[in-house]
Amino acid sequence: MRSIFGYECKRLLCNKFFAGLLLVLLFYGWQVLNRVTLLGVSHTAPFSPWSFGDYLSRMLPLLWMGALFFLTFFTSPAERRRAFLTAATPVKPSVYGLVRCGAALAGTALLASAVILLAVAFYGWMFHWYHWGSLLMPTLITLLPPLVFALGSGWWLGHLRPWLIFLWMLCPVLLRVLPLPAFLGLLDGSLFADRPLALAVLDPAFSLPLETVAAQGVLLLAGVVLLLLRPARGGHPCR
């Protein structure tokens, strides 16, 4: 099983697409850090959890697209023609599919880590600030639920029609322009700009409304369930 996982990871990561996406992420992230984060968000410090969370929310659409692009490796016409070969393996189809999506999850985690490390390097270089532990909570609550949901929902959409994955890539872009209720403010990044002002304290401690935490928890749970459940009909895109 580990050899299959390693092979799928190599297929996803050792190619020009991954290198190009990584360069785009790093370039865009550096622009955000220098032009937005450097000034601080809503009168908070540039290295505060609020400003860091705003940075992550601006990077989220590209990370979402990257996660879904990994799934297209398993839903392309060429990959479907290869299904006859993989069907001959002794591994159960459901397990084989989970291994492949696990590789997509690993690739997504690498992209997210690059975005985070870029900010860490920026804070150290610009401000000699190294209190990285305070950035853990905004990282987990901002990135983990939507990216797991992106993979889970992309898994099912690819099963229905492979081209739906490309349409689904536009979801986070639309969320940033549509009016969302306040408890969904992490999906469009508005919470990081609005909540520090609402707390009426200079550079307040990082905190989230209970309904926002619940919404992110539901999103994460939905993503995990979609990843674990096999579609009721037909083959799976990751098979």
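Throughout what follows, the structure given in this document is the object of discussion.

Rules behind the numbers
- Residues numbered from 1 in each chain as written.
- Predicted model: local features only at pLDDT ≥ 70, side-chain atom pairs only at ≥ 80, totals over all residues.
- Heavy atoms only, no water.
- Patch = residues over 30% accessible without salt bridge, like charges linked within 9 Å, V, L, I, M, F, W, Y side chains within 5 Å.
- Areas by Shrake-Rupley, 256 points an atom, 1.4 Å probe, with all protein chains shown as cover.
- Salt bridge = Lys/Arg side-chain N within 4 Å of Asp/Glu carboxyl O.
- Helix = DSSP H or I, 4+ residues; strand = E, 2+ residues; numbered from the N terminus.
- Axes fitted to C-alpha atoms, helices over the stretch in contact; angles between N-to-C directions.
- Parallel < 35°, antiparallel > 145°, perpendicular 65-115°, else oblique.
- Contact = heavy atoms within 4.5 Å.
- Nonpolar A, V, L, I, M, F, W, Y, C, P; charged D, E, K, R; others polar.
- Phe/Tyr/Trp six-rings, centres within 6.5 Å; stacked < 30°, edge-to-face > 60°.
- Buried < 20%, exposed > 50% of the residue type's maximum accessible area, 1.4 Å probe, protein only.
- 1 Å grid on protein atoms, 1.4 Å probe; cavity = no way out; pocket = protein on both sides within 12 Å on 5 of 7 lines; lining within 4 Å.
- Points joined across faces, edges and corners; volume = space filled by probe spheres on them.
- Arc of directions from axis to C-beta.
- Core = buried A, V, L, I, M, F, W, Y, C linked by side-chain atoms within 4.5 Å.

A contiguous nonpolar surface patch, about 730 Å² in accessible area, is contributed by W163, F166, L167, L170, L174, V177 and L178. Along the chain, W163 falls in the loop between α7 (136-160) and α8 (164-168).

Time to look at the packing of helix α3 (residues 49-72) against helix α11 (residues 190-199). Packing of α3 against α11 leaves a shortest axis separation of 9 Å and a crossing angle of 160 degrees. Overall, the two elements α3 and α11 adopt an arrangement that is roughly antiparallel. On the side of α3, the interface is formed by P49, W50, G53, D54 and S57, while α11 contributes L191, F192, R195, P196 and L199. Partitioning the contact of α3 with α11 into residue classes produces 6 nonpolar, 2 polar and 2 charged.

So, on to the packing of aromatic side chains. As enumerated under the stated definition, the model contains 21 aromatic pairs in all. With 6.1 Å between their ring centres and 35 degrees between their planes, F52 and Y55 make a pair best called tilted. Highlighted residues: F52 and Y55, both in helix α3, separated by 3 residues, approximately one helical turn. Exposure class is identical for F52 and Y55. Each is buried. Connected via pairs of aromatic rings, a cluster forms that spans W30, F47, F52, Y55, F122, Y123, W125, F127 and W129.

In this structure, the largest pocket occupies an estimated 200 Å³ of space. In this structure, the largest pocket is lined by L105, T108, A109, A112, S113, I116, T139, L140, L143, L144, L147 and V148. A breakdown of the residues in the lining of the largest pocket according to their chemical character gives 9 nonpolar, 3 polar and no charged.

The next point concerns α11. Because each turn of an α-helix spans 3.6 residues, side chains separated by three or four positions in sequence point in the same direction. Buried within α11 we find L191, F192 and P196. Buried residues of α11, viewed axially, fall in a sector of 115 degrees; they line one side. Those residues of α11 hidden inside the fold are in contact with α3, α7, α10 (185-188) and α12 (210-228). A200 sits one or two positions beyond α11 and adopts a positive phi of about 55 degrees.

The subject of this paragraph is the nonpolar core. In this structure, Y55 and L63 are the most contacted members of the largest nonpolar core, which totals 44 residues. Only α1 (2-13), α2 (16-35), α3, α6 (93-127), α7 and α12 provide two or more residues apiece to this core. Ranked by residue count, the leading element in this core is α3, at 11 residues. Every residue in contact with L63, bar those within four places of it in the chain, is listed here: L25, L111, A112, V115, L143 and L147.

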